[in-house]
Amino acid sequence: MKIEFDINVPANQDSIPLHKYQKYTKLIKDNKEDLSEEFLYVKLLQIFCGMELRDAHKVPMKQLNFIIDHLIKVISYESKLQRRFLMTDPNGVEVEFGFMPNMSEMSLGEYIDLEKYISDWDDMHKALAVMYRPIVAGKGEFYEIEEYEGSKKYSEVMKDAPMSVAIGSVVFFYNLGKTLCKTILESTSQEIQQELQLQNNHLEENGDGISPSMHSLKAMSLNLKKLLNLI
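Residues numbered from 1 in each chain as written. Predicted model: local features only at pLDDT ≥ 70, side-chain atom pairs only at ≥ 80, totals over all residues. Heavy atoms only, no water.

## Structural notes on the side chain of Ser169
Then step 1. Mapped onto the elements of the fold, Ser169 is located in helix α8 (residues 163-185).
Then step 2. Residues contacting Ser169, with those up to four places away along its chain left out, are Leu81, Leu128 and Met131. (Helix = DSSP H or I, 4+ residues; strand = E, 2+ residues; numbered from the N terminus. Contact = heavy atoms within 4.5 Å.)

In structure tokens:
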């Protein structure tokens, strides 16, 4: 007997909420010592396609290969930084969030929270709540965002932010970190150069392609204080 059922496959990162990607990265982190292909395939279907375990095992192999290839391409894509994006609240009201317009004017509170949360995907919704807040004035590239009152205010909201927004901010800071290392290497002492070169090499080894299993920004060796001086 032929069994038919619908599979909701996300077209791109815009259609995947951050909390699903966080669930995926936690899965990778918690099972990195014993992560079989079969286990990963089933979890990809469960997390990103919303399938029940019993249905995931019934997917024909030909269809499964196509879906898995597509999902891996989607979650490993290096999205660009999104300065603005829309979210809809439970009442159906659209709210536009904007990235910090001027990072060089970051407050101490923003800096402390961003440095604390951006190094772990489990806390990425809290990091996004530091980087993005509702736009209160302006249009296009010139806008103002709501004053920072702590990451707690929008952290739960950011769990539903598009995965593309989170990936774009990660790629942004990753590239900024690489630029920082190369810039400082050209103008510092030999001892500091050697230390920074190790950091830069670590960035190259761990960041190439921003792999789909990326779950820790600590490998990027980012120092936000130095980044701010570079901007």
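## Some words on the pairing of strand β1 (residues 84-88)
A regular strand carries its side chains on alternate faces of the sheet.
Then step 1. A one-sided burial pattern is seen for β1, the buried positions being Phe85 and Met87 and the unburied ones Arg84, Leu86 and Thr88.
Then step 2. Two successive antiparallel strands, β1 and strand β2 (residues 94-99), enclose a turn made up of five residues, where Gly92 displays a positive phi of approximately 85 degrees. (Buried < 20%, exposed > 50% of the residue type's maximum accessible area, 1.4 Å probe, protein only. Pairing = 2+ DSSP bridges.)

## Brief notes about the packing of aromatic side chains
Then step 1. Counted by the stated rule, this structure contains nine aromatic pairs.
Then step 2. Centre to centre, the rings of Phe99 and Tyr132 are 5.3 Å apart; their planes meet at 65 degrees, and the pair counts as edge-to-face. Here the residue Phe99 occupies a position in strand β2, and Tyr132 occupies one in strand β3 (residues 132-139), the gap between them amounting to 33 residues. Both residues of the pair, Phe99 and Tyr132, belong to the buried class.
Then step 3. Each residue in the set Phe85, Phe97, Phe99, Tyr132, Tyr154, Phe172 and Phe173 is aromatic and connected to the rest through ring pairs, giving one cluster. (Phe/Tyr/Trp six-rings, centres within 6.5 Å; stacked < 30°, edge-to-face > 60°.)

## So, the environment of Tyr21
Then step 1. Within the fold, Tyr21 resides in helix α1 (residues 18-30).
Then step 2. Tyr21 sits in the buried class, given a relative accessible area of 0%.
Then step 3. As a C-alpha pair, Tyr21 and Ile167 span 146 residues in sequence and 9.9 Å in three-dimensional space.

## So, the sheet that holds β3
Then step 1. Read from one edge to the other, the open sheet built from four strands follows the order β1-β2-β3-β4, with strand pairing classed as antiparallel. Of all the strands in the sheet, the pair left with one neighbour each is β1 and β4 (142-145). Each strand axis lies, on average, 55 degrees off the axis of its neighbour in the sheet, ignoring direction.
Then step 2. Bridge count for β2 against β3 is three bridges, and the pairing is antiparallel. (Axes fitted to C-alpha atoms, helices over the stretch in contact; angles between N-to-C directions.)

## Digging into the pattern of salt bridges
Then step 1. Under the criterion given, the structure shown has nine salt bridges.
Then step 2. In this structure, Lys153 and Glu149 form a salt bridge, with 3.3 Å as the shortest nitrogen-oxygen distance.
Then step 3. Taking relative accessible area as the criterion, Glu149 reaches 57% and is therefore assigned exposed.
Then step 4. Taking the shortest distance from any N to any O, the salt bridge between Glu156 and Lys159 comes out at 3.3 Å.
Then step 5. Through salt bridges that share partners, Lys29, Asp120 and Asp122 make up one connected network. (Salt bridge = Lys/Arg side-chain N within 4 Å of Asp/Glu carboxyl O.)

## Looking at empty space enclosed by the protein
Then step 1. Applying the stated rule across the entire model yields one cavity of 30 Å³ or more.
Then step 2. Empty space within the largest cavity amounts to approximately 30 Å³.
Then step 3. Lining the largest cavity, in full, are Ala129, Arg133, Glu146, Glu147, Tyr148, Glu149, Gly150, Ser151, Lys153 and Tyr154. (1 Å grid on protein atoms, 1.4 Å probe; cavity = no way out; pocket = protein on both sides within 12 Å on 5 of 7 lines; lining within 4 Å. Points joined across faces, edges and corners; volume = space filled by probe spheres on them.)

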